[in-house]
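# Summary of structural features
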2 protein chains.
Amino acid sequence: MLQKFLIPLFSLAIVGLHAQTSIIGFTPENAEKEIALEKEFESKLSAENLDAWMKRMAAEPHWVGTEYGRKNAEWMKNQFNSWGYDAKIETYHVLFPYPKTRVLELTAPTTYTAKLTPMAVEGDEYTAQGDALLPSYNAFSTDGDVEAELVFVNYGVPKDYEELDKLGIDVKGKIVIAKYYGSWRGIKPKLAAEKGAIGCIIYSDPKDDGYVKGDVYPKGPFKNKTGVQRGSVMDMPLYPGDVLTPGYPATKDAERLDREEAPTITKIPVLPISYEDAQPLLEALEGEVAPESWRGGLPITYHIGPGPAKVHLKLEFDWQLKPAHNVIATMKGTEFPDQWVLRGNHHDAWVHGASDPVSGMVALMEEARAIGELAKNGDKPRRTLVYAAWDAEEPGLIGSTEWVEDHIGVLQEKAIAYINTDGNGRGFLSAGGSHSLQAMVSEVAGAVTDPQREVSVKERKIASNLVDGGSKDFELYAVGSGSDYSPFIQHAGIASLNLGFGGENAGGEYHTIYDTYPNYKRFKDPDFAYGVALANVAGRISLRLANADVLPLEFGEWHNTVSGYLDEVIDETVTMRKAVEKHNQMVDKNAFELAADPKRPLVKPEKEKAVPYLDFAPVQNAMADLKTSIEKFNAADPSQLPPEKRQALNRQLMQVEQMLTSEKGLPRRPWYKHQIYAPGFYTGYGVKTLPGVREAIEQKSWKEAQEQIGVLAETLEGFDGHLQKMNAMF
Amino acid sequence: MLQKFLIPLFSLAIVGLHAQTSIIGFTPENAEKEIALEKEFESKLSAENLDAWMKRMAAEPHWVGTEYGRKNAEWMKNQFNSWGYDAKIETYHVLFPYPKTRVLELTAPTTYTAKLTPMAVEGDEYTAQGDALLPSYNAFSTDGDVEAELVFVNYGVPKDYEELDKLGIDVKGKIVIAKYYGSWRGIKPKLAAEKGAIGCIIYSDPKDDGYVKGDVYPKGPFKNKTGVQRGSVMDMPLYPGDVLTPGYPATKDAERLDREEAPTITKIPVLPISYEDAQPLLEALEGEVAPESWRGGLPITYHIGPGPAKVHLKLEFDWQLKPAHNVIATMKGTEFPDQWVLRGNHHDAWVHGASDPVSGMVALMEEARAIGELAKNGDKPRRTLVYAAWDAEEPGLIGSTEWVEDHIGVLQEKAIAYINTDGNGRGFLSAGGSHSLQAMVSEVAGAVTDPQREVSVKERKIASNLVDGGSKDFELYAVGSGSDYSPFIQHAGIASLNLGFGGENAGGEYHTIYDTYPNYKRFKDPDFAYGVALANVAGRISLRLANADVLPLEFGEWHNTVSGYLDEVIDETVTMRKAVEKHNQMVDKNAFELAADPKRPLVKPEKEKAVPYLDFAPVQNAMADLKTSIEKFNAADPSQLPPEKRQALNRQLMQVEQMLTSEKGLPRRPWYKHQIYAPGFYTGYGVKTLPGVREAIEQKSWKEAQEQIGVLAETLEGFDGHLQKMNAMF
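Residues numbered from 1 in each chain as written. Chains lettered and ligands numbered in written order. Predicted model: local features only at pLDDT ≥ 70, side-chain atom pairs only at ≥ 80, totals over all residues. Heavy atoms only, no water.

Attention now moves to the overall build of chain A. Along the backbone of chain A there are 22 helices and 16 strands. Rg of the C-alpha trace for chain A: 26 Å, near the compact-globule value of 27 Å for 730 residues, within the 12% margin. Expressed as a percentage of its 730 residues, the buried residues of chain A come to 64%. Sequence separation of 24 or more characterises 80% of the internal contacts of chain A that already satisfy a separation of 6 or more. Taking the average place of the 78 positive charges on the side chains of chain A and the average place of its 103 negative ones, the gap between the two points comes to 1 Å. (Helix = DSSP H or I, 4+ residues; strand = E, 2+ residues; numbered from the N terminus. Rg over C-alpha atoms; globule rule 2.2 N^0.38 Å. Buried < 20%, exposed > 50% of the residue type's maximum accessible area, 1.4 Å probe, protein only. Contact = heavy atoms within 4.5 Å. Lys, Arg positive; Asp, Glu negative; His and termini not counted. Charge placed at Lys NZ, Arg CZ, Asp CG, Glu CD.)

Here it is as structure tokens:
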């Protein structure tokens, strides 16, 4: 992205010469203080703490509702209190299924009973905890007992079903087997059910995170033949959080849906398995050989079926309300106690969760501890800091979602931003979120040194981009879903960030019994250097937000980015139009049939409806107006404002992200209010930017697309009005 | 390729309306006769003959020097004679190694002895012929007895060694193991030896033609775990044919090189193995995990090594002169007996060779038989037809090369064109060769009906192109090497074609004991419908060349095609220049190091020399002159010429392809004279167009590139002079 705007926000010294004393949102004088403070903060970070705390927190399995999870929460609360925070536990009562019955059998043409049991490995005592380990399953699968022919559906995403359609293969009344990856896992049973399948098996193919990628655990970090990825299949693109209390908090006495009507529980039973258990099933399939891109790394010919393989899948869950314990630790701001900087990471794991989430949790704690020390020495933040350790993230962002739903009023009034972390690795800074924060994050990334190379984490990230043929600039990615920022940004309209390091810590331990302390120490961030770097980056961001004279939001980069999304969406219609025209020409020429092998199945393609021209002008005009307003805003000098006007300006800045939401929310999923970022309805975690418009186009719902252009334009005009109001303050 | 020229050669009726009565090179009157003749020819083609003949010829192994090969040659000679041809056997005495000793052992860190033995399979008695089957080996591997650490080198092509360089891995003193595919096999030991390796193992990875592609033999057509591809590793890009008689015929008493100095025998021992035998070797490798694109389909993590796997490879061959029996069958032309249309296919196989070469051989024979019938009925060709069945193609195009070298004088005087076929399959017409023949071949392809779809083979081919995103026109591909056209076009400068059907007959039988009659009947062209179609296409081409009033060469499409090659070569320098500039900028920024994982090996890339600007003007001007001359030629009307002038023109047309050769040949390989097409020095079979210029650029030999531009320009100017001479005849 080319930077088309200057970023003068406040009268800054020239960055090149005085890089150390000019930061967005600070007067030169305060910038110097802030930089000194951050240096002090950095000096207090200790890798030893991260190591010791991980060992403690990941010593036993601690999914939501476990005794060890409760103990971790209590222990963290005490830690925060000892560091000078006002910490408490806020508990919600959320539906959580534990697997009672798991049966998967091949019943024809041969028989095989899936083992569904991981092996303990040498050198990792945690993997030998037997019954204490959570059995592998997909949370929020419905109960079920089904038997049917099997069909291999690749990753089980929309384009895979298009391929099956071409071959004339229908999954109606069948059980599908899909590979993990290619989308968020919950899409697979959702789509399978929409297509009429009655059961769904998900397995980890060795090509995706097993021996094809590298040596398997314990020799290397990748998935051995018994490893199974657990995970939620709740329909989070509809709404995350407790399935029985959509949009409101799951307090003890809350009114709850009947489980039978809970829309985010899957329609069909779904079970994850290992590649050892998948191989006999796949090997028993006949029919068409799977397309080349579908084939995995097992030593077999991948066939699609249906059948002759027939499988029996029986699942029963113990559906109980479990307590989800969020730890909330507050350090009141000295000047603006009613302006909150929120910072969170979840603490629940599927099993031990050394990497996910403990590696991120301990970085957050060390950050909080160091800031506590600064405070004890008299350097208290000007604004309030709120540190959170969320419970029940794994089953569906439940702890954070219930908390946001519980406190949405006060949050929309007082929150400045939410900074999220989750599992952390080694390598390159990955930062996503609200693009109004991009300029500030970029400055912080430029101030933190990479633990392995003698450059900033920003420079290293850019070098990595360059080598991969990517951007020359530091950019935030757009967030979809997959961690606790989702309720903050997408539901409450609070500017959010998601931070972590990675790229040099690949493995197959995710959500398996192998995500343990010894694994982390061997293959992830062995000396916790990147854990410290994460605390350093996130802590500096928190401190800048807490101490800035004017909140460090910048809209030039925001506008460049959103303009890019708009161009993409417009280009998409052009590409679609050309593709349909070409397809129809080919149909006219009968090219598909002539080119097809008569010995293989072919469903003759039909002509498609032409792609209409949409009127993007309302959004284009709103973006043009915004450009003018942003230029005007950037040209103004808030340092000239008297203190009370500056604070009024800050209060307006706190509202900006909410300007990007629409109360009606997205079509068919009103919980999602944000008009710039949302998880895809059919991608799950994968983001869709300008989601209302983009998804309507992708689904070829032209009327809805035009309507959503209107909604988006209205939203952007609202933001423009807000900016004009701010500009009028000068 | 857009057709920029009209094709008026001779006064043709409008093609759309009178498609049946206007063909290139014929007066309207003679065109009608020719079309009737071809119809008659087509009606005589019988699939039953192909079936019966394949069963006979592929009943036993028949590599060069075998008794069964000799019997096949004798039988074919008698067949040709019975059809009215004057057939004889021309025998050369060529070096051919038979494997005496084949030992391959893993000696560390565990031990394994390669089985090197294929299994007989149910339903295919031919695979149970035991000792009669030729052991798997690579012909023209040198003898050797080596032991060293093993290194996995992917396909063993130049870019793989670049990747190894980046990782700091050297193969000097090591034994390499390379996958089949990615290049012609002979490149692998050649390059390995250049890099200092002392031995080379080649194996068939299941990803390339085994279970990853589909079910394995006998369930399906792909390679089972014991299948091994035999094949020559002679350095054919230097020169093909007998290794001891470079450039001259291997007659009984010819002077021969000492075997020790024969430059086309490999420098290091090389052995092909099955994936069953490869797995223990690959599994024993440690070191870096192979890059993603290198990984095959075995259920292991692919490591590069070197070691700790150590292997012992011992190979000894029985080096003997063997008789190679070419069958040459001539039908004298009634009007122009000294103008020869040559048509050939090889008859030797590695084992039974049902597909390769017998499927093509029997199509050629049926074509010859049908033309013989026409002749018996009084429809003799105006020009002479020469049908050839080559021996010793498999070890290195030996039979055809020796014959061309033996008869080069008379061939360059009398040959009009050589039409080659080889193994044939099912699906789409694949036609390559001299682009002066493209317009004629396109007409013929439009006249032959596809056996499976009710359109011409041309229309079906174009439909396939369209679906694959390729050309909308019928185009000849440029020929490299890999079959018997090579000595004709590239050494003698005789216009050539290579024809076959394929695309719907994939399998892993190539050069294994599984290329048998039952395999062919199940998985290739079960009812020989495409064998008949091949006879139909090739026979019509032969007849048109034999009967045309003016030889059907067309230079407009030639010019378009060669202009495309020139654009490619020029673009290549631009692309290389930009890549070097970008690379050097990245080096300046230290981006490679910053982006690299410090825990993995990295050889820091150095700056590269800038790509100079070459002067392409000599070639561009020659092409411009040619365009003018070709337009003039196309505007002329040869039907107006008196008969003797027309024949003089034909004699000039026969010389055109020789105008595209240069007596000096290509740098470092003077046997290759053609300046437009050659096999790549480091690709083997893969073609390099404008080879002198292109390969110099690819090797960054800028001085040589500029010299070769001169050679190419001179050659093209010579062609232009020739055209001007022809134009002066009108």
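Our focus in this paragraph is the relation of the copies chain B and chain A. Mapping between the two copies of the chain is achieved by a rotation about an axis and a shift along the axis. With an axial shift of 0.0 Å and an RMSD of 0.0 Å, the rotation relating chain B to chain A amounts to 180°. Here the two chains are linked by the operation of a two-fold rotation axis. With an isologous cut-off of 70% or more, the 98% of interface residues of chain B that recur at the interface of chain A puts this contact in the isologous class. (Least-squares fit on C-alpha atoms with pLDDT ≥ 70 in both.)

Moving on, we get to the side chain of Ser496 of chain B. Residue and element names in this part refer to chain B. Along the chain, the position of Ser496 falls in strand 14 (residues 496-503). Take Ser496: its relative accessible area is 1%, and that puts it in the buried class. Engagement of the side chain of Ser496 in a polar contact is seen with the backbone oxygen of Ile494, the distance being 2.8 Å. (Polar contact = N/O pair within 3.5 Å; in protein donor to acceptor, adjacent residues only side chain to side chain.)

Together, Asp143, Asp145, Glu147 and Glu316 of chain B line one region of the surface with negative charge. Along the polypeptide, Glu316 of chain B turns up in strand 9 (residues 310-331). (Patch = residues over 30% accessible without salt bridge, like charges linked within 9 Å, V, L, I, M, F, W, Y side chains within 5 Å. Areas by Shrake-Rupley, 256 points an atom, 1.4 Å probe, with all protein chains shown as cover. Salt bridge = Lys/Arg side-chain N within 4 Å of Asp/Glu carboxyl O.)

All names here are of chain B. Tracing the chain through its elements places Asp277 in helix 7 (residues 275-283). As a buried residue without a salt bridge, Asp277 has its nearest oppositely charged side chain in Lys115, at a separation of 5.7 Å. A distance of 2.5 Å separates polar atoms of two side chains, one belonging to Asp277 and the other to Tyr112. Here the side chain of Asp277 touches Leu116 through a polar contact of 2.9 Å, landing on its backbone nitrogen. What Asp277 contacts, discounting residues up to four positions off in sequence, is Tyr112, Ala114, Lys115 and Leu116.

Next up on the list: the interface of chain B and chain A. For interface size, the figure often reported is the accessible area lost on association. At the junction of the two partners, chain B supplies 41 residues and chain A supplies 40 residues. Both sides together, the interface formed by chain B and chain A hides about 3,500 Å², and carbon and sulfur atoms give 55% of it. Here chain B is connected to chain A by six salt bridges. Counting the contacts that link chain B with chain A gives 20 residue pairs in polar contact (both at pLDDT 80 or more). Those elements giving two or more residues to the side of chain B that touches chain A turn out to be helix 12 (457-467), helix 16 (556-588) and helix 17 (591-595) of chain B. Classifying every residue of the side of chain B that touches chain A gives 19 nonpolar, seven polar and 15 charged. (Buried area = accessible area lost by both parts, 1.4 Å probe. Nonpolar A, V, L, I, M, F, W, Y, C, P; charged D, E, K, R; others polar.)

Two quantities define a packed helix pair, namely the angle between the axes and the distance from one axis to the other. Residue and element names in this part refer to chain B. It is the contact of helix 2 (residues 47-57) with helix 8 (residues 354-376), at a shortest axis distance of 9 Å, that shows an interaxial angle of 135°. Comparing their axes, helix 8 and helix 2 come out oblique. Here helix 2 and helix 8 pass one another in a crossing that is right-handed. Of the residues in helix 8, those touching helix 2 at Asn49, Leu50, Trp53, Met54 and Met57 are Ala354, Val358, Ser359, Met361, Val362, Ala363, Met365, Glu366 and Arg369. (Axes fitted to C-alpha atoms, helices over the stretch in contact; angles between N-to-C directions. Parallel < 35°, antiparallel > 145°, perpendicular 65-115°, else oblique. Left-handed = near helix turned anticlockwise from the far one by under 90°.)

Residues and elements named next belong to chain A. Its domain assignment divides chain A into domain 1 (3-94 + 322-448 + 478-547), domain 2 (99-319) and domain 3 (566-727). Listed as interface residues are 36 residues of domain 1 and, on the opposing side, 45 residues of domain 2. Buried area between domain 1 and domain 2, both sides added, is near 3,100 Å², and the carbon and sulfur share of it is 62%. Counting every contact that joins domain 1 to domain 2 gives zero salt bridges. Summed over the shared surface of domain 1 and domain 2, the number is 23 residue pairs in polar contact (both at pLDDT 80 or more). When the residues that make up the side of domain 1 that touches domain 2 are grouped by side-chain class, the tally is 18 nonpolar, 10 polar and eight charged. (Domains from an automatic or database assignment.)

Within this numbering scheme, the UniProt entry marks residues 146-213 of chain A as carrying the feature "domain: PA" (unreviewed entry). Counting secondary structure, residues 146-213 of chain A comes out at 31% helix and 25% strand; the distance between its end C-alpha atoms is 34 Å. (UniProt positions renumbered as here; feature names shortened; annotations may be inferred.)

Residue and element names in this part refer to chain B. Here Ser442 is to be found in helix 11 (residues 438-447). Overall, the relative accessible area of 11% leaves Ser442 in the buried class. In this structure the C-alpha to C-alpha distance between Ser442 and Lys458, which are 16 residues apart in sequence, comes to 7.0 Å. With near-sequence residues (within four places) excluded, Ser442 lies in contact with Lys458 and Phe474.

Looking now at helix 18 (residues 617-635) of chain A. Residue and element names in this part refer to chain A. If you check helix 18, its first and last C-alpha atoms are 27 Å apart, about what 19 residues at 1.5 Å a residue would give, namely 27 Å. By the burial criterion, the buried members of helix 18 are Val619, Ala622, Met623, Leu626, Ser629, Ile630, Phe633 and Asn634. End-on view of helix 18: buried residues confined to an arc of 130°, all on one side of the axis. Away from its buried face by more than 90 degrees, helix 18 exposes Thr628, Lys632 and Ala635. The elements touched by buried residues of helix 18 are helix 16 (556-588), helix 19 (643-654) and helix 22 (702-727). (Expected span 1.5 Å × (residues − 1). Arc of directions from axis to C-beta.)

This brings us to the packing of helix 2 (residues 47-57) of chain A against helix 3 (residues 67-82) of chain A. Residue and element names in this part refer to chain A. Where helix 2 contacts helix 3, the two axes come as close as 11 Å, and the packing angle between them is 150°. In terms of orientation, helix 2 and helix 3 fall into the roughly antiparallel class. Listed contacts from helix 3 to Trp53, Arg56 and Met57 of helix 2 are Tyr68, Asn72, Trp75, Met76 and Gln79. Considering only residue class, the contact of helix 2 with helix 3 consists of five nonpolar, two polar and one charged.

Residue and element names in this part refer to chain B. Scanning the entire structure with this criterion turns up 80 salt bridges over all chains. The residue Arg544 makes a salt bridge to Glu38 at a minimum N-O spacing of 2.7 Å. You can see Arg544 sitting in helix 15 (residues 529-547) and its partner Glu38 sitting in helix 1 (residues 28-43), a full 506 residues away along the chain. Residues Arg544 and Glu38 agree in their burial class; the two are buried.

As a further point, take the packing of aromatic side chains. In this description, a pair of aromatic rings is defined by centroid distance and the angle of the planes. Residues and elements named next belong to chain A. Taken as a whole and judged by the stated rule, the model has 60 aromatic pairs over all chains. An angle of 70° between the planes, with centres 6.2 Å apart, marks the rings of Phe633 and Phe730 as edge-to-face. Placement of Phe633 in helix 18 and of Phe730 in the segment after helix 22 is noted, with a sequence separation of 97 residues between them. Take Phe730: its relative accessible area is 37%, and that puts it in the partly exposed class. (Phe/Tyr/Trp six-rings, centres within 6.5 Å; stacked < 30°, edge-to-face > 60°.)

All names here are of chain B. A large share of strand 6 (residues 199-203) lies buried, amounting to five of its five residues. Residues Gly199, Ile201 and Tyr203 line one face of strand 6 and the alternating positions Cys200 and Ile202 line the opposite face, and both faces are buried. Of the pairings in the sheet, the one linking strand 5 (residues 175-179) to strand 6 comprises five bridges and is parallel in character. From the neighbouring strand, Lys179 faces strand 6, where its bridge partner is Tyr203. For strand 6 and strand 8 (residues 270-273), the ladder comprises four bridges, and the chain directions are parallel. For Ile202, the partnering residue across the bridge sits in strand 8 and is Pro272. (Pairing = 2+ DSSP bridges.)

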